[in-house]
Amino acid sequence: MTAISKPSKLAASLPTPNLFKRVGKSTVDQIKQLLEALSFIGETAHALVKSMMQPQRIRWRPILFNIRTAGFDAMPIVGLLSFLLGIVVAYQGAGQLRQYGANIFVADLVGLSMLREFAPLMTAIIIAGRSGSAYAAQIGTMAVTEEIDAMRTLGISPQELLVLPKVIALFIAMPLLTVFADALGVFGGMLMAQQQLDVGFVEFLDRFVKAVSPTAFLIGVGKAPIFALIIAMVGCFQGFRTRGGADSVGRQTTRSVVQSIFLVIVADALFSVAFSMLDL
Amino acid sequence: MTNTPTDIKVTDCVIEMRNVSTRFGNNIVHTDINLTVNRAEIFAIIGGSGSGKSTLLREMILLQKPSAGTIKILGVNLQDINEDDALALCKRWGVMFQNGGLFGALTVQENVGLPLREHSSLSETEIDEIAVAKLALTGLKPEANQQYPSELSGGMMKRAALARAIALEPELLFLDEPTAGLDPVSAAGVDELVLQLRDQFGLTIVMITHDLDLLWQVADRVAVLADGKVQAVDSMLNLSNSENPAVKMFFDGPRARFAQEQNAYKNNTQNAPSNPISM
């Protein structure tokens, strides 16, 4: 009898995953994180205002450096993926359009979808994976090696030295990258239109300027700075939340990517709702 | 309970902690800590792992806020300190972290020059000269100046970190485990360096350490932290005769006794032959 009761006793002594307990704990954790995020946003805004008041304090060198690494160096991958996306959109549309003899409308399809949605979203997702993670990893590593603490004791604000240059750089670089993605995406669609639908470049562009209003372009490019803020802030925030050792750096990096992509898509959905209410 | 000498003038107090308590949720780290550090003193804080030594240090250097109590550093109350005062205070102290805390993206020389670059209007050449001089003072080989922290050994890293901590010629120096992870020769070098800094520049030094040799050689007064309280503040010699069980713990192990004997032996041998020469 004792032999049977022993294992059950052991199982009972293990912490049983109580559903309510877990839900409660993660709710509290999420609320804590939200409060931390709010104070982080506040601190960054404070640092930004202070830098604006004293423009000589703005650190141009790291800003330019970040524009190069997050913007210029990302051009090949952003360009290639948008180009492929343009091809895919045109190719998928081609079959349907051909059935109705509406070949020329491929310009509407590619132009609107790329400029309004795909180019900014694609760029944001690539940058979240490429730069947002790098920000989290860099700041996280600095937190683990006491560099952030050292910075504070030296009287240098980490917000000013680490966060602001990244936010400003991405704020500038993302719209530019989005325009680049627009161009490559439309080019991809144009190539496919010629191949599959016999719509020449001239005809395509002719229709393109009629179909795609400047508003559509501006809506797409206008989302980019908002996405940039989300990505840079989430990356830096998760970096600062790193505690303990190297494994924590990895965890925070992953979290930054997941969270920033999630928030970018949520923001995009909110934009769609807002624009449809505004009839844009 | 406090062993604070009452005859010390207020102006000579570099650090004054009054009834400092710290809690993390339900976890109580400190209760009613009272400490006073005098000018040009080498003050050490010892205690077992988890006794809150590092937390105490972090509270002194504005990285953490105590749950209750007041801390005054160089006459400035840290509670509700505004940004400008905090910055001014940062320029008056130097901190050396356990792992150095050197910036991995900068060379050793740039690391040491950084506080000067941030807080002074000196020219680049002057900053470089000062950085080289500080690095030389800490005994780092000049070849290491252009290397990155990741290329340095533990001992070199500590020296570089110390050079950065004294770059702005602080009045107060905080050292977190200055000899941890060092070989005995480098550790002995740190002993000398700490003494030299105090004797030449009149620095006040607060350090956290487990190193009994360092404690015997350089510390003027030692605070023993246990159970969230300061058990005693006294010189090593007096502490070693203490009857307090929390204090005795540190002096009863075989390593502790060895360090003590060695210190006694060293003092005897040093005093005997060196006296005629210095006379």
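Since we're looking at a predicted model, the values are computed, not measured. (Residues numbered from 1 in each chain as written. Chains lettered and ligands numbered in written order. Predicted model: local features only at pLDDT ≥ 70, side-chain atom pairs only at ≥ 80, totals over all residues.)

Moving on, we come to the overall build of chain A. Tallying secondary structure elements over chain A gives 10 helices and 0 strands in all. Reading chain A from its N end, one meets helices and strands in the order α-α-α-α-α-α-α-α-α-α. Taking 2.2 N^0.38 as the reference for a compact globule, 280 residues should give roughly 19 Å; the C-alpha atoms of chain A span a radius of gyration of 24 Å, well beyond that estimate. Considering only C-alpha atoms, chain A reaches an extent of 80 × 70 × 35 Å along its principal axes. Buried positions account for 40% of the 280 residues belonging to chain A. Summarising the internal contacts of chain A: among those between residues at least 6 apart in sequence, 88% fall at separations of at least 24. (Helix = DSSP H or I, 4+ residues; strand = E, 2+ residues; numbered from the N terminus. Rg over C-alpha atoms; globule rule 2.2 N^0.38 Å. Buried ≥ 20, exposed ≤ 12 C-beta atoms within 10 Å, placed from the backbone. Contact = placed C-beta atoms within 7 Å.)

The next thing to look at is the environment of Thr31(B). Residue and element names in this part refer to chain B. Here Thr31 shows up in strand S2 (residues 27-38). Among the residues examined, Thr31 registers 16 C-beta atoms within 10 Å and is labelled partly exposed. In this structure the C-alpha to C-alpha distance between Thr31 and Ser21, which are 10 residues apart in sequence, comes to 4.4 Å. When residues no more than four places from it in sequence are discounted, the contact partners of Thr31 are Ser21, Gly228 and Lys229.

Residue and element names in this part refer to chain B. As summarised here, the arrangement of the 4 strands in space is S2-S1-S4-S5, forming an open sheet in which the pairing is antiparallel. The sheet terminates laterally at S2 and strand S5 (76-77), the two strands that pair on one side only. Against the sheet, helix H1 (residues 53-60) contacts strand S1 (13-24), S2 and strand S4 (68-73), and its axis sits at roughly 120° relative to S1. (Pairing = 2+ DSSP bridges. Axes fitted to C-alpha atoms, helices over the stretch in contact; angles between N-to-C directions.)

Residues and elements named next belong to chain A. Positive phi, close to 65°, is recorded for Glu146, a residue that is not glycine. By the element assignment, Glu146 lies in the loop between helix H5 (106-144) and helix H6 (147-153). Classification of Glu146 as buried rests on a count of 20 C-beta atoms within 10 Å. Here Asp198, not a glycine, exhibits a phi torsion of approximately 55°, which is positive. Topologically, Asp198 is positioned in the loop between helix H7 (158-197) and helix H8 (201-211). Given 10 C-beta atoms within 10 Å, Asp198 falls into the exposed group.

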